[in-house]
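Listed below are the residues making up each chain.
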Amino acid sequence: MENRMIALLELTPHPDRSVAVLGGLLLLCCGVRWRLRWLQASPRTSDPWEAALNEAVQGDDAVPLCHRCLAPHDPQAHFCHDCGAAVGSYTNWLPFPQLFSVGHILRVGTDGRFKHSPLTISGFIFLSIAEYHLFAPIYWFLFFRGITPSSNGVRPAEHA
Ligand SMILES: [Zn+2]
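The structure reproduced in this document is the subject of the present report. (Residues numbered from 1 in each chain as written. Predicted model: local features only at pLDDT ≥ 70, side-chain atom pairs only at ≥ 80, totals over all residues. Heavy atoms only, no water.)

### Observations concerning the coordination of the zinc ion
The protein atoms donating to the zinc ion are C66 (SG), C69 (SG), C80 (SG) and C83 (SG), with metal-donor distances spanning 2.2 to 2.3 Å. One can describe the site at the zinc ion as tetrahedral: its four donor atoms subtend angles covering 104 to 117° at the metal. In the primary structure, the donors to the zinc ion are separated according to the pattern C-x2-C-x10-C-x2-C. Of the two residues, C69 is situated in the loop between α3 (51-58) and α4 (95-111) and C83 in the loop between α3 and α4; the sequence distance between them amounts to 14 residues. Judged by relative accessible area, C69 falls into the partly exposed class, the value being 34%. (Donors = N, O, S within 2.8 Å, 3.2 Å for Na, K, Ca; no water. Tetrahedral: all angles 85-135°; square planar, octahedral: opposite > 155°, others 65-115°. Helix = DSSP H or I, 4+ residues; strand = E, 2+ residues; numbered from the N terminus. Buried < 20%, exposed > 50% of the residue type's maximum accessible area, 1.4 Å probe, protein only.)

### As for the packing of α4 against helix α5 (residues 118-132)
Closest axis-to-axis distance for the α4/α5 pair is 11 Å, and the angle between their directions is 135°. Viewed along their axes, α4 and α5 adopt a mutual orientation that is oblique. Of the two possible hands of crossing, α4 and α5 adopt the one that is left-handed. On α5, the residues that touch V102, I105, L106, V108 and G109 of α4 are F124, L127, S128, E131 and Y132. For the contact of α4 with α5, the per-class residue count stands at seven nonpolar, two polar and one charged. (Axes fitted to C-alpha atoms, helices over the stretch in contact; angles between N-to-C directions. Parallel < 35°, antiparallel > 145°, perpendicular 65-115°, else oblique. Left-handed = near helix turned anticlockwise from the far one by under 90°. Contact = heavy atoms within 4.5 Å. Nonpolar A, V, L, I, M, F, W, Y, C, P; charged D, E, K, R; others polar.)

### Description of the side chain of S128
Mapped onto the elements of the fold, S128 is located in helix α5. S128 gets classed as buried once you look at its relative accessible area, which sits at 0%. In this structure the side chain of S128 is engaged in a polar contact, spanning 2.8 Å, whose partner is the side chain of W140. Setting aside residues up to four positions removed in sequence, S128 forms contacts with L106, H133, A136, Y139 and W140. (Polar contact = N/O pair within 3.5 Å; in protein donor to acceptor, adjacent residues only side chain to side chain.)

### Looking at a nonpolar patch on the surface
A grouping of V21, L22, L25, L28, V32, W34, L36, W38 and L39 is seen on the molecular surface, where their side chains present a nonpolar patch of about 920 Å² in accessible area. For L36, a relative accessible area of 47% translates into the label partly exposed. (Patch = residues over 30% accessible without salt bridge, like charges linked within 9 Å, V, L, I, M, F, W, Y side chains within 5 Å. Areas by Shrake-Rupley, 256 points an atom, 1.4 Å probe, with all protein chains shown as cover. Salt bridge = Lys/Arg side-chain N within 4 Å of Asp/Glu carboxyl O.)

### Some words on the packing of aromatic side chains
Overall, the coordinates contain eight aromatic pairs when judged by the stated rule. Clustering of aromatic rings is evident, with ring pairs tying together F114, F124, Y132, Y139, F143 and F144. (Phe/Tyr/Trp six-rings, centres within 6.5 Å; stacked < 30°, edge-to-face > 60°.)

### Quick word on unusual backbone geometry
Phi is positive for L70, close to 65°, though the residue is something other than glycine. The exposure class assigned to L70 is exposed, which follows from its relative accessible area of 59%. With a phi angle near 50°, H133 is a residue other than glycine that sits in the positive phi range. Note on placement: H133 falls in the loop between α5 and α6 (136-147). For H133, a relative accessible area of 57% gives the class exposed.

This is the structure we're talking about:
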């Protein structure tokens, strides 16, 4: 067995890299196994909320809140009156209101008030390419101006 491993390592062009890859795969397999065991051992609950809270949320007198600013809004409203986010159940499926919803999302990108992560930044870049095509670089200028701190360390959106 040991001779086979040595022979295998001699056949590969970079045996040290192969050992590192095998070690990484072994650690990955151990991590996945540990995660699966942790998931199987965790207690299973069908509903993480208390029953009273669930009844309050499902009640007839419950007021829906905006997912972005937590302002209460009319259940029939398509957009939040405070921040402009799409709050209707079917707003993003309706052809005309969908335009305003996409516009709101792109405006959020330019004001810089969102969680900055590689996923959100690449999402704004791809969405702007899909929406603006040749004019996307204009959006990118406004986008990166919004997320880049100015010389005094304050983002432009924080001045307002
Ligand atoms: Zn809102």
